Amino acid sequence: MNDSSWAAPPHAGQAGYWGSTGQGHVQGATPAGPAYDAQDAQLTRPMPIAPDVSAPGGDQDDERGVTRLSGPLFRDENPESMPDAPQPVPPPQKKSAGRDLGAAIGVGVGLGAVIIASLFIVKAVFVGVIAVAVVVGLWELTSRLQERKEIRAPLAPLAVGGVAMVVTGYVRGAEGAWVAMALTALAVLVWRMTEPPEGYLRDVTAGVFAAFYVPFLATFVAMMLAADDGPWRVLTFLLLTVVSDTGAYAVGWRFGKHKLAPRISPGKTREGLFGAVAFAMVAGALCLQFLIDDGAWWQGLLLGLAVAASATLGDLGESMIKRDLGIKDMGTLLPGHGGIMDRLDSLLPTAPVVWLLLVLFVGAG
């Protein structure tokens with residue numbers, strides 16, 4: 001109980017439950033005779049059932065024979081704060097995966113079905129899938145930049161230039177992709193001139209960064225697709241990246257104890273990184289041995305190691321961007337995953353790594 005729930009102590013010379021200290025009356029005492037006044041009658045009224053509080057240093061309890069109640073139920077102390085009191089044991093906490101696994105798996109399976117169908121039926125359809133992903137990713141990135149930092153990276157030239165990069169990369173290879181990238185950067189510089197000059201350098205810098213980060217890196221997927229065994233190369237790229245992420249997630253969730261980069265992404269652990277490397281290397285050996293013409297299992301081991309490293313760095317890179325922007329996800333388009341950019345974070349920096357290593361191992365095709 002709090003002190004405020006107790007009766008206030010009487011002041012000297014003022015009638016209270018016990019009367020004034022100068023009267024000498026005792027509660028419940030019989031009057032000495034018929035000649036007692038109204039004040040004496042008031043002093044003998046029934047007491048409410050409540051413990052009284054003595055004035056500091058007073059001796060009322062001794063005079064009236066009243067035993068002061070004590071114990072945890074009659075004091076301010078919390079029983080849990082007493083040294084001898086048993087402390088409650090918190091219930092065991094179940095480890096949470098941190099996201100809606102049902103929605104994440106459902107969306108992942110649906111996206112996988114669309115990708116596989118477009119990849120092996122008509123190559124041009126898959127090029128269109130890449131272009132759509134690029135445009136949506138640019139829209140998410142530029143929207144978050146404007147909302148959180150008031151950076152106005154022009155979306156129109158970025159979207160047009162991004163689609164041009166993907167198409168030219170598929171048709172003309174790396175040279176076409178570089179030319180499209182340069183023209184897109186120039187278009188961003190010119191487009192931003194139609195607005196007031198305040199923040200011009202900041203906006204065009206963000207625009208050029210967005211052009212490189214999303215469409216240019218995605219162009220390497222289209223360049224992989226252009227090879228004779230292009231669908232299998234792209235499938236290998238996707239499988240290794242997904243397996244790396246899955247290995248990191250599963251091992252880190254189950255065994256993760258040591259943080260990998262707590263200031264950037266507190267959820268990532270060193271154990272998760274080891275899981276990503278192990279899963280990706282095994283998957284790489286299988287893919288290079290059975291899916292890629294003239295591939296060897298040992299090349300797959302190296303490819304898996306490189307994919308685990310690039311995918312982890314890509315994930316950390318986007319986590320750094322989101323932490324700077326003060327957001328958890330880039331969007332809400334994909335239930336259980338976030339936005340398109342939250343799925344492209346590890347794919348984008350991995351695409352040029354896989355393209356380059358496959359060219360070195362088995363040729364351009």
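Keep in mind it's a predicted model, so treat the numbers as computed, not measured.

A.B. asks: Hey, could you run me through the overall build of the chain in this one?
C.D. replies: Helix and strand counts for the chain come out as twelve helices and two strands. Each helix and strand of the chain, ordered N terminal to C terminal, gives the series α-α-α-α-α-α-α-α-β-β-α-α-α-α. Every one of the 365 residues in the chain was classed for burial, and the buried ones make up 38%. Carbon and sulfur atoms form 65% of the exposed surface of the chain, whose accessible area is close to 20,700 Å².

A.B. asks: What should I look at first to understand the pattern of salt bridges in this one?
C.D. replies: Side-chain pairs of opposite charge can arise where the charged atoms are in close proximity. Enumeration according to the criterion identifies ten salt bridges in this entry. Across the salt bridge formed by lysine 328 and aspartate 329, the nearest N and O atoms sit 3.9 Å from each other. Judged by its relative accessible area of 65%, lysine 328 is exposed. Given the relative accessible area of 30%, aspartate 329 is considered partly exposed.

A.B. asks: Where do I start with the packing of helix 4 (residues 123-149) against helix 7 (residues 200-225) in this structure?
C.D. replies: Helix packing geometry: the angle between the two helix axes and the distance between the axes. Running from amino to carboxyl end, helix 4 crosses helix 7 at an angle of 160 degrees, the nearest separation of the two axes being 10 Å. By the criterion of interaxial angle, the relationship of helix 4 to helix 7 is roughly antiparallel. At the point where helix 4 passes helix 7, the crossing takes the right-handed sense. Contacts from Lys123, Phe126, Val127, Ile130, Val134, Leu138, Leu141, Leu145 and Lys149 in helix 4 reach Arg202, Ala206, Phe209, Ala210, Tyr213, Val214, Pro215, Ala218, Val221, Ala222 and Leu225 in helix 7.

A.B. asks: Help me out: how do you make sense of helix 4 in this one?
C.D. replies: Because the α-helix completes a turn every 3.6 residues, residues three or four places apart line up on one side. If you check helix 4, its first and last C-alpha atoms are 39 Å apart, about what 27 residues at 1.5 Å a residue would give, namely 39 Å. Two residues or fewer after helix 4 comes glutamate 150, characterised by a positive phi angle close to 60 degrees.

A.B. asks: Just checking my understanding: could you explain unusual backbone geometry for this structure?
C.D. replies: Peptide bonds are trans in most cases, and residues, glycine excluded, mostly fall at negative phi. Its identity is not glycine, yet glutamate 150 carries a phi of approximately 60 degrees, on the positive side. Backbone geometry places aspartate 294, a non-glycine residue, at a positive phi of 65 degrees. The topology assignment puts aspartate 294 in the loop between helix 9 (270-290) and helix 10 (297-325). You can call aspartate 294 exposed: its relative accessible area is 70%.

A.B. asks: What's the story with the packing of aromatic side chains in this structure? I'm lost.
C.D. replies: For any pair of aromatic rings, geometry is given as the distance between the ring centres together with the angle between the planes. Throughout the structure, instances matching the rule amount to seven aromatic pairs. Taken together, a centroid distance of 5.4 Å and an interplanar angle of 15 degrees make the contact between phenylalanine 209 and tyrosine 213 stacked. Within this pair, phenylalanine 209 and its partner tyrosine 213 are both found in helix 7, separated by four residues, close to a single helical turn. Given the relative accessible area of 38%, phenylalanine 209 is considered partly exposed. Residue classification places tyrosine 213 among the buried positions, given a relative accessible area of 11%. Among the aromatic side chains, those forming a connected cluster through ring pairs are Trp178, Phe212, Phe216, Phe220 and Trp355. If you follow arginine 254 out to its NZ or CZ, it ends over the ring of phenylalanine 255, 5.1 Å from the centre.

A.B. asks: Quick question: what am I supposed to make of the packing of helix 7 against helix 8 (residues 230-255) here?
C.D. replies: Contact pair helix 7 / helix 8: the axes reach a minimum separation of 7 Å and the direction vectors enclose 140 degrees. Relative to helix 8, the element helix 7 lies oblique. Of the residues in helix 8, those touching helix 7 at Val221, Met224 and Leu225 are Gly230, Pro231, Arg233, Val234 and Phe237.

A.B. asks: What exactly am I supposed to notice about the pairing of strand 2 (residues 265-269) here?
C.D. replies: Across a regular strand the side chains alternate sides, sitting on one face of the sheet and then on the other. Sheet analysis places strand 1 (residues 259-261) next to strand 2, joined by two bridges and oriented antiparallel. From the neighbouring strand, lysine 259 faces strand 2, where its bridge partner is threonine 269. Between strand 1 and the antiparallel strand that follows it, strand 2, lie three residues.

A.B. asks: Teacher, can you tell me more about the nonpolar core here?
C.D. replies: Within soluble globular proteins, side chains that are nonpolar tend to cluster in buried spots. Membership of the largest hydrophobic core comes to 60 residues, with the highest contact counts inside it found for Ile130, Val221, Met224, Val234, Phe237 and Leu303. Examining the composition of this core, we find that 15 residues originate from one element, helix 7, more than from any other. Look past the residues within four positions of valine 221 in its chain and what remains in contact with it is Phe126, Ile130, Val234, Phe237 and Ala351.

A.B. asks: I tried to follow the environment of lysine 328 on my own but got confused; where do I start?
C.D. replies: Structurally, the position occupied by lysine 328 is in the loop between helix 10 and helix 11 (340-344). Along the backbone, lysine 328 and aspartate 342 are 14 residues apart, and their C-alpha atoms lie at a distance of 9.7 Å.

A.B. asks: What exactly am I supposed to notice about the side chain of arginine 144 here?
C.D. replies: Here arginine 144 lies in helix 4. One polar contact links arginine 144 to glutamate 147, side chain to side chain, over a distance of 3.1 Å. Those residues within four positions of arginine 144 in sequence are excluded, and the remaining contacts are Lys149, Leu325, Ile327, Met330 and Gly331.

A.B. asks: Honestly, the confidence of the model for the chain in this entry has me stumped. Any pointers?
C.D. replies: Regions with low pLDDT should not have their predicted coordinates read in detail. Scored by pLDDT, the chain has a mean of 80; 71% of the residues are at 70 or more. In this model, residues 1-47 is a region of pLDDT below 50 whose contacts with residues beyond four sequence positions or in other chains number 39 contacts. Across residues 50-81, confidence stays below pLDDT 50; counting only partners more than four residues off in sequence or on other chains, it has 34 contacts.

How each quantity is defined
Residues numbered from 1 in each chain as written. Predicted model: local features only at pLDDT ≥ 70, side-chain atom pairs only at ≥ 80, totals over all residues. Heavy atoms only, no water. Helix = DSSP H or I, 4+ residues; strand = E, 2+ residues; numbered from the N terminus. Buried < 20%, exposed > 50% of the residue type's maximum accessible area, 1.4 Å probe, protein only. Areas by Shrake-Rupley, 256 points an atom, 1.4 Å probe, with all protein chains shown as cover. Salt bridge = Lys/Arg side-chain N within 4 Å of Asp/Glu carboxyl O. Axes fitted to C-alpha atoms, helices over the stretch in contact; angles between N-to-C directions. Parallel < 35°, antiparallel > 145°, perpendicular 65-115°, else oblique. Left-handed = near helix turned anticlockwise from the far one by under 90°. Contact = heavy atoms within 4.5 Å. Expected span 1.5 Å × (residues − 1). Phe/Tyr/Trp six-rings, centres within 6.5 Å; stacked < 30°, edge-to-face > 60°. Lys NZ or Arg CZ within 6 Å of the ring centre and 35° of its normal. Pairing = 2+ DSSP bridges. Core = buried A, V, L, I, M, F, W, Y, C linked by side-chain atoms within 4.5 Å. Polar contact = N/O pair within 3.5 Å; in protein donor to acceptor, adjacent residues only side chain to side chain. pLDDT = per-residue confidence, 0-100.

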